[in-house]
Amino acid sequence: MNRPTALIADDEEGMRQQLRSRLQDVWPALDIVAEAANGIEAVALAGQHQPDIVFLDIRMPGLSGIEAARMLFNRCHLVFVTAYDQYAIEAFEQGALDYLLKPVGGERLKTTCARLQTLIGQQPSNIERQLSQLLSHHSKPAAKQEYLRWIQAVVGANLRMISTREVLFFQADEKYTRVQTEQSEVLIRKTLKELADELDPNEFWRIHRSTLVRVDAIEEVTRDLRGRQMVRIRNHPELLEVSRGHTHLFQQM
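The model shown is predicted, which means the values in this text are computed figures rather than measured ones.

Chemist: With reference to specific residues and values, describe the environment of glutamine 117.
Modeler: Considering the arrangement of structural elements, one finds glutamine 117 in helix α5 (residues 106-119). Sequence separation of glutamine 117 and proline 4 is 113 residues, and the distance between their C-alpha atoms is 8.5 Å.

Shown next as structure tokens:
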């Protein structure tokens, strides 16, 4: 009997790795045949590999997870992976759509995998109406966003509150995110993607997949001997690399 197959689509490599690892623990027989970094790539890879299941992050560049799902729902079983969204959760809990909340794991993942195991080999449900409703909701103009202004960090036995105005930069550090101020650094469990979604994009720029920097903390941008753009932070000795995908932020160089 052939092993069941799946594709994981998420624009964050760390999230893809986390989901792959958790799936291997909960459902060792599931074969992850491909990973996609955006909705367009997810549709293309699904056509190439014909997976039984596709795990789709809702918010991805190119095509959102919902838009990609409208192209895939009659070809494979779909599971949405999402941060907390009350409307989406209410829609999913009607039973027609399956979902996982980030960070993925726990009993919800076990329940989802058990349900999927019963569906392998069956024709996927027609969920076009539900997808249209979700897409309509996510296409509405968003209300003015209230951006994150305080960072909560556990330091020893204490909870420390750090204003985002104090933060020089955030940097992914394995399972944690490093928060750097002029006076100190702390580690928090919030992911860089979560921070990027919650911080004011005019105040914090993503200069690397692992680095968010406060714009008015940038003193200068230079090039090293290898031609890489490097950001120098005011009142801090560390140089931060700008990845190729983010050099457009400093087009004058």
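Chemist: Can you tell me about the sheet that holds strand β14 (residues 229-233), naming the residues and giving the values?
Modeler: Spatially, β13-β14-β15 is the arrangement adopted by the three strands of the open sheet, whose pairing is antiparallel. Each edge of the open sheet is held by one strand with a lone partner, namely β13 (218-223) and β15 (239-241). Here the average twist between neighbouring strands, direction ignored, is 30°.

Chemist: So, the packing of aromatic side chains: which residues are in play, and what are the values?
Modeler: According to the stated counting rule, one finds two aromatic pairs in the structure shown. Between phenylalanine 170 and phenylalanine 204, the ring centres sit 5.5 Å apart and the planes meet at 50°, which makes this aromatic pair tilted. Placement of the pair is phenylalanine 170 in strand β8 (residues 167-173) and phenylalanine 204 in strand β11 (residues 204-208), with a sequence separation of 34 residues. Overall, the relative accessible area of 0% leaves phenylalanine 170 in the buried class. Cation over ring: arginine 108 sits above tyrosine 99, and NZ or CZ is 4.1 Å from the ring centre.

Chemist: Pulling in residues and values, what's your account of the pattern of salt bridges?
Modeler: Taken as a whole, this structure holds 20 salt bridges when the rule is applied. A salt bridge links lysine 193 to aspartate 10; the nearest nitrogen and oxygen atoms lie 3.7 Å apart. Placement of lysine 193 in helix α7 (residues 192-198) and of aspartate 10 in the loop between β1 (5-9) and α1 (13-26) is noted, with a sequence separation of 183 residues between them. The closest approach of N and O atoms between arginine 165 and aspartate 216, which form a salt bridge, is 3.0 Å. Pair noted here: arginine 165 is in the loop between β7 (158-163) and β8 and aspartate 216 is in the loop between β12 (211-214) and β13, with a separation of 51 residues, a long-range link. Judged by its relative accessible area of 37%, aspartate 216 falls in the partly exposed class.

Chemist: Talk me through the environment of valine 79; I want residue IDs and the actual numbers.
Modeler: Relative to the elements of secondary structure, valine 79 occurs in strand β4 (residues 77-82). Residue classification places valine 79 among the buried residues on the basis of a relative accessible area of 0%. In this structure the C-alpha to C-alpha distance between valine 79 and threonine 112, which are 33 residues apart in sequence, comes to 8.5 Å. Discounting residues that sit within four places of it in the chain, valine 79 has contacts with Ile53, Val54, Phe55, Leu56, Asp98, Tyr99, Leu100, Thr112 and Leu116.

Cut-offs and rules
- Residues numbered from 1 in each chain as written.
- Predicted model: local features only at pLDDT ≥ 70, side-chain atom pairs only at ≥ 80, totals over all residues.
- Heavy atoms only, no water.
- Helix = DSSP H or I, 4+ residues; strand = E, 2+ residues; numbered from the N terminus.
- Pairing = 2+ DSSP bridges.
- Axes fitted to C-alpha atoms, helices over the stretch in contact; angles between N-to-C directions.
- Phe/Tyr/Trp six-rings, centres within 6.5 Å; stacked < 30°, edge-to-face > 60°.
- Buried < 20%, exposed > 50% of the residue type's maximum accessible area, 1.4 Å probe, protein only.
- Lys NZ or Arg CZ within 6 Å of the ring centre and 35° of its normal.
- Salt bridge = Lys/Arg side-chain N within 4 Å of Asp/Glu carboxyl O.
- Contact = heavy atoms within 4.5 Å.

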